[in-house]
Amino acid sequence: MADRIERYRSSQALLEGLQAFLTEEGEGLTHVNYRVLLKDGSETPWFFNARLQYGMEGWQVLSLESGQVFWAGPLADIAAFKIRPYYRARCIGFKNILFSLLPPEEAE
């Protein structure tokens, strides 16, 4: 269950929305946990204290501590990112934030 949902018309817009959120929150974040929801209906486990980056295998969720790749795959396979941001000395209004694609019929 998500406490806040952001929906986008394309995979690229979804990624840009997620990156914009992380940039805006920037200094206030201590870490972010990620879960990747795939278009085939599967989802990854939660990846704790992680970051998102583009690498040789496509988009990657990496450990902030070790740099280990938790998950990697092409943007075309991603239906949504669910994140749990954690902040320094501040209450958060949302526990889970879902950055998701619109259903195909709404995206057109």
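Predicted model only: the values in this text are computed from it and were never measured. Along each chain, residues carry numbers from 1 onward, in the same order as the chain's sequence is written. Local features in this predicted model are restricted to residues whose pLDDT is 70 or higher, and side-chain atom pairs enter the listing and the counts only when it is 80 or higher, whereas totals over whole chains, interfaces and linings include all residues. Excluding hydrogens and water, the side-chain values take into account all heavy atoms of the structure.

Section: unusual backbone geometry
Here is the rule: Secondary structure elements follow DSSP: runs of H or I of four or more residues count as helices, runs of E of two or more count as strands, with numbering from the N terminus.
Here Asn 49, not a glycine, exhibits a phi torsion of approximately 50 degrees, which is positive. Relative to the elements of secondary structure, Asn 49 occurs in strand E3 (residues 47-55).

Brief notes about the confidence of the model for the protein chain
Basically, it comes down to this: One confidence number per residue, pLDDT, is output by the predictor and ranges from 0 to 100.
Averaged over all residues, the pLDDT of the protein chain equals 89, while 92% of them reach at least 70. No element of the protein chain has a lower mean pLDDT than helix H2 (residues 104-107), which averages 70, and none a higher one than strand E5 (residues 69-73), which averages 95.

Thoughts on the pairing of E3
Note the threshold: A pair of strands is considered paired only if DSSP assigns at least 2 bridges between the two.
Inspection of the sheet shows strand E2 (residues 29-38) paired to E3 by two bridges, in the antiparallel sense. Looking at the pairing, Tyr 34 lines up with Phe 47 of E3. With six bridges joining them, E3 and strand E4 (residues 58-63) adopt antiparallel strand pairing. The residue of E4 that forms the bridge with Tyr 54 is Trp 59. Between the antiparallel neighbours E3 and E4 lie two residues.

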